[in-house]
Amino acid sequence: MASKISVLGSTGSIGTQTLDVARMHDLKVTALTANSNIELLERQAREFHPKMVAVLDLGAAAQLKIALKDTDTEVFCGEEGIKMAATEESCDTVVNAIVGVAGLVPTLEAIKAGKNIALANKETLVAGGSIVMKAVRESGVKLYPVDSEHSAIFQCLQGCPENSLKRIILTASGGSFFGKTREELRNVSVKQALSHPNWSMGAKITVDSATMMNKGLEVIEASWLFDCDDKDIDVVIHRESIIHSMILLKDNAVIAQLGVPDMRIPIQYALTYPERLPSPAAEPDFADIAEMSFYKPDYNTFACLAVCRQALRKGGLYPTVANAANEVAVDMFLREKIKFLDIADIVTEAVASFGGKSGNITLDDILQTDKETRIRVKNKY
Ligand code: NAD
Ligand code: MG
């Protein structure tokens, strides 16, 4: 079980819920980081007394340094500061709750420093799965999934003999636009995309849920975590988000993990594994839930899911390209520079026009491909 944690991205949706869990179980917090939200970071630092905090934005870091000068918390800045938080000497577990591929290098640094990882930052595995899993194997650290579907699968697998898994069944809520046609999606607004039926999350992942890119990223994430291929991972729409995912075993028995949609359950399991401790999340009331529904995903309307599966089958740097194109597209959509359906078109086009690279992939290849893809997409719009 984790006892001293560094929380990267502590001001976000997963970061603040991680601190709920830390508060409940008296976990020691040794480092916190944020992009630029220093008001919240200051409050967190005053409550949890970390040894250090890091802020990506240099100006915001300078302001926070002044604000925290009556405390023992040191303030660092930039990517170097976040790297220091990821490798902070006294911590045993790093919770990576950064959004986007910006989380990849801190994850690798933490693994190299011998830290266990509680990973919410799925883009880490999508863009850099091969090198991250290799680093985990070589260093012997543990990597625990925080993403609710992957935590569910991890929980379901407890006690199953090795080689008993037939397929993974990832559940998907369907996001804000389930059941809509392409025509109906043509002019949807940012506000509509951001109103998720079941989960309250950061803006990027909420848009990813609406396009179903999130499920595509999760198929790739699952392939690395559970060592399986595209064909071994089914996706089923489950509107109520009560079943967080399932495993189909070789004897066709299915094991599912259920609970209310509250990320503090998977966050806590990643921190307290294998223990089951009281949770700040509520119990489910099945009579109240009453019904659970299931549907096939619409791969034509929500093309991002199909493109991610294709990128996974192609392997190599294709998932890196899909992720980078999506990050730029979602950012442009949130700033109302492009329309909702453009996101899927951009990701599709980026993957289709990528030349690929064979042989061993290095971190430099991944970072370079990420950068080139971003430039290519930005130049077009
Ligand atoms: P969020 O936007 O609410 O928070 C992101 C955090 O990362 C913030 O603290 C922000 O300051 C920091 N950050 C942003 N850009 C950064 C950068 N370039 N460098 C360093 N720090 C940066 O996001 P979130 O919803 O908490 O999601 C975080 C990650 O967890 C994502 O990868 C997401 O896909 C994954 N995830 C989230 C949920 C959820 O319920 N929110 C569920 C499953 C997985
Ligand atoms: Mg998820």
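In what follows, the structure referred to is the one given above.
So, here's what we can say about the structure. (Residues numbered from 1 in each chain as written. Chains lettered and ligands numbered in written order. Predicted model: local features only at pLDDT ≥ 70, side-chain atom pairs only at ≥ 80, totals over all residues. Heavy atoms only, no water.)

1. A look at the sheet that holds strand β4 (residues 74-77)
The sheet built from 7 strands is open, its strands ordered β4-β3-β2-β1-β5-β6-β7 with parallel pairing. Only two strands of the sheet have a single partner each, and these edge strands are β4 and β7 (143-145). The mean angle between the axes of side-by-side strands here comes to 20 degrees, regardless of whether they run parallel or antiparallel. As defined by bridge partners, strand β5 (residues 93-96) adjoins strand β6 (residues 116-119) across 4 bridges and the pair is classed as parallel. Bridge assignment links Val95 to a residue of β6, and that residue is Ala118. (Pairing = 2+ DSSP bridges. Helix = DSSP H or I, 4+ residues; strand = E, 2+ residues; numbered from the N terminus. Axes fitted to C-alpha atoms, helices over the stretch in contact; angles between N-to-C directions.)

2. Side note on the site of ligand 1
Taken together, 23 residues are adjacent to ligand 1, and Thr11, Ser13, Asn35, Glu123 and Gly202 come closest. Asn35 places a main-chain nitrogen or oxygen 2.7 Å from an oxygen atom of ligand 1. Within the contact set of ligand 1, an oxygen atom lies 2.7 Å away from a side-chain nitrogen or oxygen of Glu123. Summarising the interface, the protein chains cover 87% of the accessible area of ligand 1, which totals 830 Å² for the free molecule. Its residues assigned to classes, the shell around ligand 1 comprises 12 nonpolar, 8 polar and 3 charged. (Near = heavy atom within 4 Å. Polar contact = N/O pair within 3.5 Å; in protein donor to acceptor, adjacent residues only side chain to side chain. Areas by Shrake-Rupley, 256 points an atom, 1.4 Å probe, with all protein chains shown as cover. Nonpolar A, V, L, I, M, F, W, Y, C, P; charged D, E, K, R; others polar.)

3. Some words on the coordination of the magnesium ion (ligand 2)
Around the magnesium ion (ligand 2), the protein contributes the donor atoms Asp147 (OD), Glu149 (OE) and Glu218 (OE), at 2.1 to 2.2 Å from the metal centre. When the donor residues of the magnesium ion (ligand 2) are listed from N- to C-terminus, their spacing reads D-x1-E-x68-E. The exposure class assigned to Asp147 is buried, which follows from its relative accessible area of 7%. (Donors = N, O, S within 2.8 Å, 3.2 Å for Na, K, Ca; no water. Buried < 20%, exposed > 50% of the residue type's maximum accessible area, 1.4 Å probe, protein only.)

4. Remarks on helix α1 (residues 13-24)
When the terminal C-alpha atoms of α1 are compared, their 17 Å separation across 12 residues agrees well with the 16 Å that a helix rising 1.5 Å per residue should span. Turning to α1, its buried residues number three or more, namely Ile14, Gly15, Gln17, Thr18, Leu19, Val21 and Ala22. Packing partners of the buried residues in α1 comprise β1 (4-8), β2 (28-34), α2 (38-48), β5 and α12 (264-272). (Expected span 1.5 Å × (residues − 1). Contact = heavy atoms within 4.5 Å.)

5. Description of helix α6 (residues 122-139)
In this model α6 runs just 20 Å from its N-terminal to its C-terminal C-alpha over 18 residues, more than 12% under the 26 Å that 1.5 Å per residue would give. Of all the bends in α6, the greatest, near 105 degrees, is centred on Gly128. α6 sits mainly inside the fold: 13 of its 18 residues count as buried. Backbone geometry just after α6 places Gly140 at a positive phi near 75 degrees. (Bend = angle between axes of the 7 residues up to and from the residue.)

Geometric values such as these leave the question of function open.
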